[in-house]
Amino acid sequence: MATVMEFEDHGKQEIKYTTCYMCACRCGIKVTVENNQVRFIQGNRNHPINQGVLCAKGSAGIMKQQSPAKLRNPLRRKPGTERGAGEFEEISWDEALDILTQRLQHIRATDPNKLAYFTGRDQMQALTGLWAQQFGTLNWSAHGGFCSVNMATAGLYMLGHAFWEFGDPDWDRTKYFMLWGVAEDHSSNPMKIGLEKLKRNGGKFVGINPARTGYQAIADEWVPIRPGTDGMLALSMVHVLLQNEQFDWEFLLRYTNAPFLVVQTPGQKGDGLIYRDEAGHPLVWDLEKEAFVNGMEPGVKAALFGDFQSPDGRPLRTIMSILADRYLDERFSPANAARLTGVPAETIERLALEMAHVAFKESIEVEVEWTDWAGRKHDRFIGRPVSMHAMRGISAHSNGMQAARAIHLLQVLLGTIDCPGGFRAKAPYPKPVPPPVKPAQHSAPNTPLKSSPLGFPTAPEDLVIDEEGRPKRIDKAYSWEAPIANHGLMHMVITNAVNKDPYGIDTLIFFMANMSWNSTMNTANVQEMLKAKDDDGEYKIPFLVVIDAYHSEMVNFGDLILPDTTYLERHDCISLLDRPISEPDAICDSIRHPILKPDRNVRPWQDVMVELATRLKFPAFTRENGQPRFKDYKDFIVNFERAPGIGFLAGWRGKDGKSHLRGEPNPEQWERYIENQGFFQYHLPKSAAFYRFANREYLDLAQKIGFNPSADPITIELYSETFQRFRLAGLGLYDGPQPKDPVDRERLATYFDPLPDWYEPLEQQRIDKKEYPFFAVNQRPMMMYHSWDSQNAWLRQIIAQNYLYMNRKRGEQMGIKDKSWVWVESHNGKIRVQVKLIEGCQEDTVWTWNAIGKQSGAWGLKPDAAEATRGFLMNHLISELLPAKRGERRLTNSDPITGQAAWYDLMVKITPAAPGEEGVWPTFETIKPLPGMAPSPDQLRYHTHEPVNLRS
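Every value quoted in this text rests on a predicted model; they were computed, and no experiment measured them.

Chemist: How would you explain the sheet that holds strand 15 (residues 307-309) if you had to name every residue and give the values?
Modeler: The strands that make up a sheet are held in pairs by hydrogen bonds between backbone atoms, and each pair lies either parallel or antiparallel. The antiparallel open sheet is built from three strands, whose spatial order is 12-16-15. Both outer strands of the open sheet, strand 12 (261-263) and strand 15, are each paired with one neighbouring strand and no more. Recorded for the sheet is a direction-independent mean angle of 35° between the axes of neighbouring strands. Of the strand pairs in this sheet, strand 12 and strand 16 (residues 315-318) are connected by three bridges, and their pairing is antiparallel. Considered in strand 16, the bridge of Val263 is made with Leu316. Strands strand 12 and strand 16 of the sheet are contacted by helix 10 (residues 319-327), whose axis makes an angle of about 75° with strand 16.

See the structure below:
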């Protein structure tokens, strides 16, 4: 007789699909729910992002839901207590919203810029940006300014798409992949899937990174590089390509501004601008007509190289001629680059020529008919199967914008942009270079801004400054100090607000932004700033609102705390208007929906924003009679239209739900997404999948569905006329706004090079590198993300403390032993940490995992938790301001072009600790428990039902 096994009863279990939020990948997950708890989490095999793959973080969403650090009720700082003392009282939602509404009403009616609203890793910036625009404050921004704005801006001002959410390698076809400065936290599961395909297909993987961790550990070749020198390495490779005439001549002529003519009149107005006709068209020299013609006309036989003279006598050169002269200079030779980067000259030359060989000798073809923007018919796509990806290791330097442009230049010369095997765009990209959205410049009481607080300047006239040239934004984004700060400068908000530079504010709102701990530079000093008072005893930042789902260090400093839901308890929209999940072959978006009911008195911040917008009578959220347009966030997502037929979700539009990408609102749209496992996917026809910057079929579609304002081709800009306009303003040669401060003039003239350039990071220019000989960087680990998961019982078992990793040979030369204690000192601060000696580290570099160290008492951790007693932050060493210079105002420690926080420019000295000097330093007082928060258990265990023994 057959044995019958008795397993658990599945009758009370239900399978639900949603989108993970354990990092920024936004993978699809399949969740088994039982008794309003998560039984387990799996990857969704049908999802376009992860195809069923799920990492440790995703599976550990169970323990995130079980975290003892979850906030339970709205809180108010007790009257008469000091900010930061951790003394709170529970209040009702009605009271909390009344307090906030009253304050916001007064600000909006008097001076909207007295509200600063800055959000962290929220993944809904289209909504928060709309809310700020409707409120009327210029002071809104999000996480990107201290993460990766350099990556995004470099691509959008050059290619029309950029790394990560804007584009991806063509994993199915690429043969040679180069990874620049990427840690394990970004694009985690998709990257793993892609690297597996690359390896299986026999492609080569080159990792360029000071540390050999994660992805680099499986690279076929690891190239240890000194931090901050990646741009020089890329431009030296450009030198090699040009020297050996290994570049895609036809691609440059047809798709880039390389043949455009540039005015050469140094010292005069108009120098370095593109030569144009009266209609503004860029001109080239036609070799057949022997005349200046519109470079955007089909069939032009343009000269790629050459020197010419305009009818009025001005000297002209093609961009390609200027570019070749620049990079063939000895400054960019492999020998000189080797001295700066630490990468041997022969390695630089070999890597460049390897890529050229694959691009031009191993090119591939995809046979499919397609039509370009000019109506020319083609029977195939030509592919250059070389691809690249780059991230924070490039972007988080003060030279990161130009470094990212240098990497893109390398790709363009090889012709690998949006082609088979190359670096492909992801919808809604590519967009015009740059996207045609300008930042709002003016605010007025009770009036929405005329455009978004963020945008893409193309000239000094687009800056957000007053008549005297002073910044209008509290973070000084879009000022002379950071002209193209497309994501704002979140890391400067607290410092500037406390210093009332350029002015004081009334209320500061932080959503999911741990700005008193790991998401700020200069942590200890920032905590003091949050408590700083004026001479009259009032706080320099009068009112601080913190929204989070968990008891982060930032909660301790709030005056009003609004508790959010977890990602399994709310509706979310991962929108094409925001940061979508598209893949190169498909237009995609997705949702989250409540699969669990909250067991606490919490509300989704999305719903709260819609309610506040209604209370404050925002025009986009209320009707003329003052009645609300939307019941809640879910209703808002269905019925809001940015333009006719264009809303936050692209799938199942129209009254009948049968229209995709564009159509009138569908009242059952959420239900359709839920039925389709939480995502929407529109596959592009193969004829529209490549060369989208010049593909007629795709350009027409992009215009029809609102991605782009027109179906005009998108020209790749190797030479940025936008940059040259700002440079001319710095040189005093611009017919328009010009900075008055000599410091600003010098920065514009020096760093706004219209061609990609390399310069030494700003902080490193100001410190004694003999005293501080080590580069110091931090990386986010694959098993954690930002500061989110040190309260997660499962992930803590993988890592709960961090070491300072150091090259073994260098450490032993200094007499430093493995796991010994050392002092690490910068120009700004000092910490004591434990060292781990390893081989996989560039010899001039030390590094650690970021965000492992926690303040005692936060995140539901016990006071003696490893994260608080043995974990540490490198942030204590980093300043948000550059070292002072006589006769100069204090400047932000950021990229002078984009305002990107320069986390990775840090240099330090290391000395062994004295005998008996052990333990992490500095330490901080234990944060008090919040009202109603139960003590954390010694062991966190749970089950959805009583355990079932197998019986037969």
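Chemist: Talk me through the nonpolar core; I want residue IDs and the actual numbers.
Modeler: The biggest cluster of nonpolar side chains holds 183 residues, and the ones touching the most others in it are Trp131 and Phe636. Leave out the neighbours within four places in its chain, and Phe636 touches Leu127, Leu130, Val610, Phe621, Phe630 and Phe648. Grouped together as the second largest cluster of nonpolar side chains are 105 residues, Phe166, Leu463, Ile465 and Trp758 included.

Chemist: Give me the lowdown on the sheet that holds strand 33 (residues 845-849), citing residues and values where you can.
Modeler: Ordered by their spatial adjacency, six strands build a closed barrel running 29-33-30-32-31-34, and the pairing between neighbours is mixed. Here the strands of the sheet are splayed against their neighbours by 45° on average, with no regard to which way each runs.

Chemist: Outline the packing of helix 4 (residues 125-135) against helix 17 (residues 605-615), listing residues and values.
Modeler: Running from N to C, helix 4 and helix 17 cross one another at 20°; their axes reach a closest spacing of 11 Å. The orientation of helix 4 relative to helix 17 falls into the category roughly parallel. In terms of crossing hand, the pair formed by helix 4 and helix 17 is left-handed. Note on element contacts: helix 17 touches helix 4 through Gln606, Met609, Leu612 and Ala613, opposite Leu127, Thr128 and Trp131. A breakdown of the residues in the contact of helix 4 with helix 17 according to their chemical character gives five nonpolar, two polar and no charged.

Chemist: Talk me through helix 12 (residues 345-361); I want residue IDs and the actual numbers.
Modeler: A turn of α-helix holds 3.6 residues, and therefore any two residues three or four places apart point the same way. With 17 residues, helix 12 should reach 24 Å at 1.5 Å per residue; the first-to-last C-alpha distance of 24 Å fits that figure. Residues of helix 12 that are buried include every one of Thr347, Ile348, Leu351, Ala352, Met355, Ala356, Val358 and Ala359, and no others. Each buried residue of helix 12 lies within a common arc of 165° when the element is viewed along its axis, so the set occupies one face. In helix 12, the exposed positions angled more than 90 degrees off the buried face are occupied by Glu346 and Lys361.

Chemist: Any details on the packing of aromatic side chains? Residues and values, ideally.
Modeler: Enumeration according to the criterion identifies 50 aromatic pairs in this entry. Among the aromatic side chains, those forming a connected cluster through ring pairs are Tyr117, Trp131, Phe135, Phe511, Trp605, Phe618, Phe621, Phe630, Phe636, Phe640 and Phe648. Arg405 extends its terminal NZ or CZ atom over the ring of Phe723, reaching a point 4.6 Å from the ring centre. A cation sits over an aromatic face here: Lys830 above Trp823, 4.6 Å from the ring centre.

Chemist: Would you mind going over the environment of Phe680 in detail, with residue names and values included?
Modeler: Mapped onto the secondary structure, Phe680 falls in strand 28 (residues 679-683). Taking the C-alpha atoms as reference points, Phe680 and Gly651, separated by 29 residues in sequence, lie 5.7 Å from one another. Among residues more than four places away in sequence, those in contact with Phe680 are Ile587, Cys588, Asp589, Ala650, Gly651, Trp652, His660, Leu661 and Tyr673.

Chemist: Break down the pairing of strand 24 (residues 543-548) for me, with residues and values.
Modeler: Regular strands place their side chains on alternate faces of the sheet. Most of strand 24 sits out of view: six of its six residues are buried. Neither face of strand 24 is left uncovered, since the one carrying Phe543, Val545 and Ile547 and the one carrying Leu544, Val546 and Asp548 both have all their residues buried. By the bridge criterion, five bridges tie strand 23 (residues 507-511) to strand 24 in an arrangement that is parallel. Residue pairing across strands places Thr507 opposite Phe543, the latter belonging to strand 24.

Chemist: Now, about the state of the cysteines: what can you tell me, with residues and values included?
Modeler: Under the defined criterion, the tally for this structure stands at zero disulfides. Of all cysteine sulfurs, the one in Cys23 lies closest to Cys147, which takes part in no disulfide; the gap is 12 Å. For Cys573, which is in no disulfide, the shortest distance to another cysteine sulfur is to Cys588 and amounts to 14 Å.

Chemist: Describe in detail the side chain of Asn522, supporting the description with residues and values.
Modeler: Here Asn522 shows up in the loop between strand 23 and helix 16 (523-531). A polar contact of 3.0 Å, which involves the side chain of Asn522, links it to the side chain of Glu880. When residues no more than four places from it in sequence are discounted, the contact partners of Asn522 are Asn828, Asn875, Ile878, Ser879 and Glu880.

Thresholds applied
Residues numbered from 1 in each chain as written. Predicted model: local features only at pLDDT ≥ 70, side-chain atom pairs only at ≥ 80, totals over all residues. Heavy atoms only, no water. Pairing = 2+ DSSP bridges. Helix = DSSP H or I, 4+ residues; strand = E, 2+ residues; numbered from the N terminus. Axes fitted to C-alpha atoms, helices over the stretch in contact; angles between N-to-C directions. Contact = heavy atoms within 4.5 Å. Core = buried A, V, L, I, M, F, W, Y, C linked by side-chain atoms within 4.5 Å. Buried < 20%, exposed > 50% of the residue type's maximum accessible area, 1.4 Å probe, protein only. Parallel < 35°, antiparallel > 145°, perpendicular 65-115°, else oblique. Left-handed = near helix turned anticlockwise from the far one by under 90°. Nonpolar A, V, L, I, M, F, W, Y, C, P; charged D, E, K, R; others polar. Expected span 1.5 Å × (residues − 1). Arc of directions from axis to C-beta. Phe/Tyr/Trp six-rings, centres within 6.5 Å; stacked < 30°, edge-to-face > 60°. Lys NZ or Arg CZ within 6 Å of the ring centre and 35° of its normal. Disulfide = S-S within 2.5 Å. Polar contact = N/O pair within 3.5 Å; in protein donor to acceptor, adjacent residues only side chain to side chain.

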